[in-house]
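These are the residues of each chain, in order.
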Amino acid sequence: QVQVVESGGGLVQPGGSLRLSCVASGAIVRISAMAWHRQAPGKQRELVARMSGDSTIDYSDSVKGRFTVSRDNAKNTLYLQMNSLKPQDSAVYYCNVDGLSTAWLDFDQWGRGTQVTVSS
């Protein structure tokens, strides 16, 4: 089994910063892509940033220039540095990881999410 756990969410004032972490563990042979998504109340889940296995990064237009994704392959960890936060960034942030398991099967695993609230 593969587990994905997010951390680092919280309450921050507009203009502030937060750093989210996502750790993948368990029966992993290889991780391909890791990504951050978010879902605000009443809205669909949307992609925030994605880093593929070759380190190609895609950001949603709404976070370009403010958010930075990075990855520590040795620790199977993905980070999301969020700066200049806005109230509209408030959402539950989910991490998604895909790769190959020790059963030699592809996996696509989601974490349970971490809440980010931007408010004064």
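Bear in mind the structure is a predicted one, so any value in this text is a computation, not a measurement.

A. Inspection of the overall build of the chain at higher detail. Secondary structure summary: the chain contains 0 helices and 11 strands in total. Along its sequence from the N terminus, the chain presents helices and strands in the succession β-β-β-β-β-β-β-β-β-β-β. Computed over the C-alpha atoms, the radius of gyration of the chain is 14 Å, within 12% of the 14 Å expected from 2.2 N^0.38 for a compact globule of 120 residues. If you line up the chain on its principal axes, its C-alpha atoms span 45 × 25 × 25 Å. Taken across its 120 residues, the chain has 44% of its residues classed as buried.

B. Geometry of the sheet that holds strand β7 (residues 67-72). In space, the 4 strands of this open sheet follow the order β1-β3-β8-β7, with antiparallel pairing throughout. At either margin of the open sheet sits one strand with a lone partner, and together these are β1 (2-7) and β7. Taking the axes of each pair of neighbouring strands and ignoring which way they run, one obtains an average angle of 15° across the sheet. When β1 meets strand β3 (residues 18-26), the two strands line up antiparallel, connected through 6 bridges. The residue of β3 that forms the bridge with V2 is G26.

The rules we used
- Residues numbered from 1 in each chain as written.
- Predicted model: local features only at pLDDT ≥ 70, side-chain atom pairs only at ≥ 80, totals over all residues.
- Heavy atoms only, no water.
- Helix = DSSP H or I, 4+ residues; strand = E, 2+ residues; numbered from the N terminus.
- Rg over C-alpha atoms; globule rule 2.2 N^0.38 Å.
- Buried < 20%, exposed > 50% of the residue type's maximum accessible area, 1.4 Å probe, protein only.
- Pairing = 2+ DSSP bridges.
- Axes fitted to C-alpha atoms, helices over the stretch in contact; angles between N-to-C directions.

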